[in-house]
Amino acid sequence: MTEIFKAIEDIAIEIYEAIKTKDTGKVETQNASGDVQVKLDVISDDIVEKHLLKVKSVKEIISEEKEDPITKEEGEYFVAYDPLDGSSLIDVDLSVGSIFGIYKGGYNGENIVAAAYVVYGPRVELVIARDVVELFRLNEHTKKFEFVKELKLGKKGKILGPGGTQKNWYPFHKEMIDSFFAEGYRLRYSGGMVPDLHQILLKGGGLFAYPGTTDKPKGKLRKLFEVFPFACVYERAGGKAVDGFNELLSLEAESYHDTTPCFFGSEEEIIKVLRTYKENQ
Ligand code: AHG
Ligand code: MN
Ligand code: MN
Ligand code: MN
């Protein structure tokens, strides 16, 4: 697995360079989720593919931008990734990211063995979840990632990132979000799950929600590339990750691009989510 993390460091440096120098425009195609792709989605996907296929221990890769996986003869790890998360925010210069889930034996929640994500912001940061969750920062002079600290979530936080189209929220979901705000939580939502979840993790806790809505009962965020990796990060940092009823990592993926409602946070916020959803089942 060390080789995979080494490849992710090289990938991050190359994608960051592409973000700074390449065209931010759209392409004519859509991906399997129906997203309008930007050129950088495709460029980033190619960068990750090129590096990961060189790693001996990688058996298979699948991404948000690919219909189907690419399989090799050798290797034991299955890597599912979102090469560029928040790509619609590139042209307004907000932070974006890359997300990686490393699986053994297939792509279900219980098969995830490690996860990583990169934030491309004013600084480039890499978070790796193995047994513990660790933060690294890119030193732009040496082009090396330097260890910063271990990350742990508190029992309760102060910030809230409520995603999804509000007009389509279920009334009980809206009531729950309002009651967090009434308790004093502050709104922190950029529309990129990487920086939004990174902020909650670094500031010690809170809640990020991307619920099922009347138009999209299964939510928007994709299990393999976005949800399972962040569930792995949050759980190993001492937090919780659920779909409203069950732990996200107990879920199976019905297809490569399957989505689920999702809530990531510290313990107390997630207890409230579970209670609210149970009462309104
Ligand atoms: P991607 O750019 O990889 O397609 O993912 C965007 C995701 C996620 O980062 C964010 O939380 C969510 O989409 C926001 O979507 P909407 O603005 O459509 O609600
Ligand atoms: Mn997309
Ligand atoms: Mn994404
Ligand atoms: Mn993406």
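On a predicted model such as this, the values are computed, not experimentally measured, just so you know. (Residues numbered from 1 in each chain as written. Chains lettered and ligands numbered in written order. Predicted model: local features only at pLDDT ≥ 70, side-chain atom pairs only at ≥ 80, totals over all residues. Heavy atoms only, no water.)

## Description of the coordination of the manganese ion (ligand 2)
Note on the manganese ion (ligand 2): its protein donors are Asp-35 (OD) and Glu-64 (OE). The metal-donor distances range over 2.1 to 2.2 Å. The metal-metal distance between the manganese ion (ligand 2) and the manganese ion (ligand 3) is 5.4 Å. Taken together, the residues Asp-35 in the loop between strand E1 (26–30) and strand E2 (36–38) and Glu-64 in the loop between strand E3 (58–63) and strand E4 (70–71) connect sequence positions 29 residues apart. (Donors = N, O, S within 2.8 Å, 3.2 Å for Na, K, Ca; no water. Helix = DSSP H or I, 4+ residues; strand = E, 2+ residues; numbered from the N terminus.)

## Quick notes on the UniProt feature "domain: Fructose-1-6-bisphosphatase class I N-terminal" (unreviewed entry) in the protein chain
Mapped onto the present numbering, the UniProt feature "domain: Fructose-1-6-bisphosphatase class I N-terminal" (unreviewed entry) falls on residues 4–149. In residues 4–149, the share of helix is 22% and the share of strand is 42%. The end C-alpha atoms are 21 Å apart. (UniProt positions renumbered as here; feature names shortened; annotations may be inferred.)

## Looking at the site of ligand 1
Not every one of the 15 residues close to ligand 1 is listed here, only the nearest: Glu-64, Gly-86, Met-193, Tyr-210 and Lys-220. Here an oxygen atom of ligand 1 sits 2.9 Å away from a polar atom, N or O, in the side chain of Lys-220. In the complex, 80% of the free accessible area of ligand 1, which totals 480 Å², lies under the protein chains. Here the shell around ligand 1 takes three residues from strand E5 (residues 77–85), the largest share from any one element. For the shell around ligand 1, the per-class residue count stands at four nonpolar, four polar and seven charged. (Near = heavy atom within 4 Å. Polar contact = N/O pair within 3.5 Å; in protein donor to acceptor, adjacent residues only side chain to side chain. Areas by Shrake-Rupley, 256 points an atom, 1.4 Å probe, with all protein chains shown as cover. Nonpolar A, V, L, I, M, F, W, Y, C, P; charged D, E, K, R; others polar.)

## Remarks on the UniProt feature "binding site: Mg(2+) 2" (unreviewed entry) in the protein chain
When the UniProt feature table is mapped onto this chain, "binding site: Mg(2+) 2" (unreviewed entry) is found at Asp-82, Asp-85 and Glu-226. These annotated residues cover 145 residues of sequence, and their C-alpha atoms lie no more than 8.6 Å from one another, placing them together at a single site. Topologically, Asp-85 is positioned in strand E5. Assessed through its relative accessible area of 5%, Asp-85 is described here as buried. With residues up to four places along the chain from it excluded, the contact list for Asp-85 reads Val-96, Gly-97, Ile-99, Gly-192, Met-193, Val-194 and Glu-226. Inspection of the secondary structure puts Glu-226 in helix H5 (residues 223–236). (Buried < 20%, exposed > 50% of the residue type's maximum accessible area, 1.4 Å probe, protein only. Contact = heavy atoms within 4.5 Å.)

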